[in-house]
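Chains, contacts and geometry: an overview
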Amino acid sequence: MLAPDVVTALAHLATEAEPAGLLPARQQMALSLGWHIVLACFGVAFPAMIFTMHLIGIRRKDPVALELAKRWAKVSAVLFAIGAVSGTVLSFEMGLLWPGLMGTYGDVLGLPFAFEGLAFFLEAIFLGIYLYGWGRMPPKRHVLMVLPMAITGVVGAYCVLAVNAWMNAPTGFRLVDGEVTDVQPWAVLFNLQTFVQFAHMWVGAYMLAGFTIAGVYAVGMLRGRRDAHHRLGFLVPFVFASIAAVTQPFVGHVLGFGLDERQPAKLAAFELAETTESPSPLRLGGVLVDGEVKWSIDIPRLGSLIAMNSPDKPVPGLDTIPEADHPPVNLTHLAFQTMVGIGTLLAAAVVWFWFQRRRGRDLLERRWFLRFAAAAGPLAVIALEAGWIATEVGRQPWIVYGVMRTPEAVGDYTASLWWLLGISVVIYTAMTVGAVVVLRSMARRWRAGEADLPSPYAPEHASEANR
Amino acid sequence: MSLELAVAAALFVGVIAYAVLGGADFGSGFFDLTAGSSRRGAELRTLVDHSIGPVWEANHVWLIYVLVIWWTGFPESFAAAMSTLVLPLLLALLGIVLRGASFAFRKYAATLAQARLFGIVFATSSIITPFFLGTVAGGIASGRVPLDGAGDRWSSWLNPTSLFGGVIAVGTCAFLAGVFLVADARRSGQERLAEELRVRALVVGAVTGVLVFAALVPIDRDAPTLAAGLEGRAAPLVALAGLAGAVTMVLLWRRRYAVARAGAILAVAAVVSGWGVGQYPWLLVDEVTITDAAGATATLQGLLVAVGLAVVVVVPPLAYLFRLTQSEEWSRPEH
């Protein structure tokens, strides 16, 4: 398509313009954000599920529900601890990796973070009260201590999404001769785009946490543990996940409104629209090789219908956008379709489950459904990660869309920044292994009949070990 | 008080709160590390676990509070400090991550071997973190962070002020933790443990006190602006730190543990405030003042709204949490 000399010139420009620290910084951010986001979902969604379970236990005087709530509280203690520290990593990295962004726009985008900090504060306080309050407070007051966490999860997620929405659709300032002026921080906190983006993430968090927790009990049932404990442990999170899963396609669709105006390059990448076609097809799969779409399954008209809400309005193609403003198209497209595909599958599956249940058929008796339910958690994780990849990679080469390019934001680092990524991979792997080992050992001990999990280094235990 | 100064004051309140409350949690790692073998140290490690378990995450949020107010209120100076002091900040971050994760893992570890591994990581990282955060403070206070962020990435924190800052941070954390743990041990009726901790807290207090005042000598040459502030405007705070520290030692000696906690808090808060007042009006010493570093006015006003909201919605539950942890029901062992 392009003449060879233009390609060479562009390649030269790319190597010249791209700081050595850019790629490792982006990978570092992707790793730490991608890891934290899973735990953040638990932080947002788990408290409401614990609250429900605990309330069922108190209302019905149901010891099974109370025991489940108590165990979930202990699991959340582990998950929230590593969630808190991995979130701190992100706070540091905002400044360490992206000083250009924070130095220039810190006072524009910062206020939502201040409110997020308040939400996090309350979450940490009530977590402490709730966790250590078992048996030490009147039960009716104790159960209420988990409720603030469900609310702060909403506030915290909203605030973080406000910053991300701002990066996608910057507002609340003016650029005059390269200087940021007329800063209106409240406009960043309360812009309309934030609300829809938040709703998408919030619902996604309930899907991820709900399917993952339900999946744990599905595995138990597959192994023949079909008691009241497993049925209740499955159903409560599954109800949350079900409501979220059927809501999500609509929220996602609303979020897509006007993307052709806001971020045409991102939409073109999502839809793999190299050229502007009227009506646009829906391209399933496929990659762009040398400016040509290959190996995709095209469904005519559907692209216009879904992306543009019109029978023939075209998706603006990448050829209408300067080459320098293209995001990495294939990754964006495939990540987007992975998210949509899994989301659709999960929505269909829960509709099927509840439909069958109404007809008196319990799919929990079917091994194939339990296997699917066990896989739904990891699938929801993949969908959420894919969604974030789609929106973040799709925003490139901009860190603040249309205003600041990612290379301008990155710190002054040499290629030695790759070392940091290497070390981080080791630490995150170790933390993952540690969490899995500890959580599995907790489950094992609970199955063995231990109600409380005493400190392993408590005196009586130590003397046991020495015997 | 100007708007910029009000926001800077709110930020510094966060620094003090983190140094005192977060510091006491980190300091318990020192006692955990030096508690001896699994059998000998079991009682103390259980106490550490019980003392900081309900509160460490809440206390940790003060750090987030500080970072957020800094980058929102004074963005350019934040970016500059992050760029120049990237190495100690990354090392402190490593400590923060390992401390939190391994503390949670240890509590629910299945075997003694696992608990030992997580325990060593928890205790060492609890010492690493305040040390490197102390070197960061030293770098800023000695005027080694230029506003363009292009300061030397090694000498900015490998210098006398930074190294003393790091060691003092470790010492004050351990001193606070010692005093708090003694009181906790007494409240849960572990008199023998309290006796043991009392002696160690006295030693830590003496060493830290000597370090704090010994640091004034190298600081005089290495960080003249800070030194001038410490000898001038901040001199009452330096005196207060010495006095409160000495009173705390006497109270510890006479086994008045509950009151000693107030003395320890006052002493450490005075040390940290001494640094803050000492380097006033600079935000990055010799580089940019608080007023010049401030971001947009509307944002500063917004931050004060957030801080006001924090006083209303965060402080009461925080006080409730602290009151619960000091109550009779919460002092008996779990389960």
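An account of the accompanying structure is given in this report. Bear in mind that the values here come from a model prediction, so they are computed numbers and not experimental data.

With that settled, consider helix α14 (residues 297–313) of chain B. Count 3.6 residues to each turn of an α-helix, and residues three or four apart come out pointing the same way. Its 17 residues give α14 of chain B an end-to-end C-alpha distance of 24 Å, which sits within 8% of 24 Å, the value for a rise of 1.5 Å per residue. The complete set of buried residues in α14 of chain B reads T299, L300, G302, L303, A306, V307 and A310 of chain B. Seen end-on, α14 of chain B carries its buried residues on one side only, within an arc spanning 160°. Away from the buried face of α14 of chain B by more than 90 degrees, exposed residues T297, G308, V311 and V312 of chain B are located. Of the surrounding secondary structure, the elements contacted by the buried residues of α14 of chain B are α4 (99–133) and α7 (185–189) of chain A together with α1 (3–33) and α3 (56–73) of chain B.

Residues and elements named next belong to chain A. Relative to strand β4 (residues 292–299), strand β3 (residues 282–289) runs antiparallel, the two sharing seven bridges. From the neighbouring strand, L288 faces β4, where its bridge partner is V293. Joining the antiparallel neighbours β3 and β4 is a turn of two residues, in which D290 adopts a positive phi near 50°.

Here we come to the interface of chain A and chain B. Between chain A and chain B, the contact holds 62 residues from the first and 66 residues from the second. Every element with two or more residues in the side of chain A that touches chain B is listed here: α3 (63–97), α4, α7, α16 (417–447) and α17 (459–466) of chain A. Among the elements that take part in the side of chain A that touches chain B, α4 of chain A stands out by supplying 23 residues, more than any other. Classifying every residue of the side of chain A that touches chain B gives 42 nonpolar, 14 polar and six charged.

Counting 271 residues, the largest nonpolar core has C41 and A45 of chain A as the members making the most contacts within it. At 21 residues, α4 of chain A tops the list of elements feeding residues into this core.

Quick look at the packing of helix α2 (residues 22–59) of chain A against helix α6 (residues 147–168) of chain A now. The relative placement of two packed helices comes down to the angle between their axes together with the axis-to-axis distance. All names here are of chain A. Contact pair α2 / α6: the axes reach a minimum separation of 8 Å and the direction vectors enclose 155°. Here α2 is positioned roughly antiparallel relative to α6, judged by the angle of their axes. The handedness of the crossing between α2 and α6 comes out as left-handed. Of the residues in α6, those in contact with G43, V44, A45, P47, A48 and F51 of α2 are L147, M149, A150, G153 and A157. Classifying every residue of the contact of α2 with α6 by side-chain character gives nine nonpolar, two polar and no charged.

Rules used throughout
Residues numbered from 1 in each chain as written. Chains lettered and ligands numbered in written order. Predicted model: local features only at pLDDT ≥ 70, side-chain atom pairs only at ≥ 80, totals over all residues. Helix = DSSP H or I, 4+ residues; strand = E, 2+ residues; numbered from the N terminus. Expected span 1.5 Å × (residues − 1). Buried ≥ 20, exposed ≤ 12 C-beta atoms within 10 Å, placed from the backbone. Arc of directions from axis to C-beta. Contact = placed C-beta atoms within 7 Å. Pairing = 2+ DSSP bridges. Nonpolar A, V, L, I, M, F, W, Y, C, P; charged D, E, K, R; others polar. Core = buried A, V, L, I, M, F, W, Y, C linked by C-beta atoms within 7 Å. Axes fitted to C-alpha atoms, helices over the stretch in contact; angles between N-to-C directions. Parallel < 35°, antiparallel > 145°, perpendicular 65-115°, else oblique. Left-handed = near helix turned anticlockwise from the far one by under 90°.

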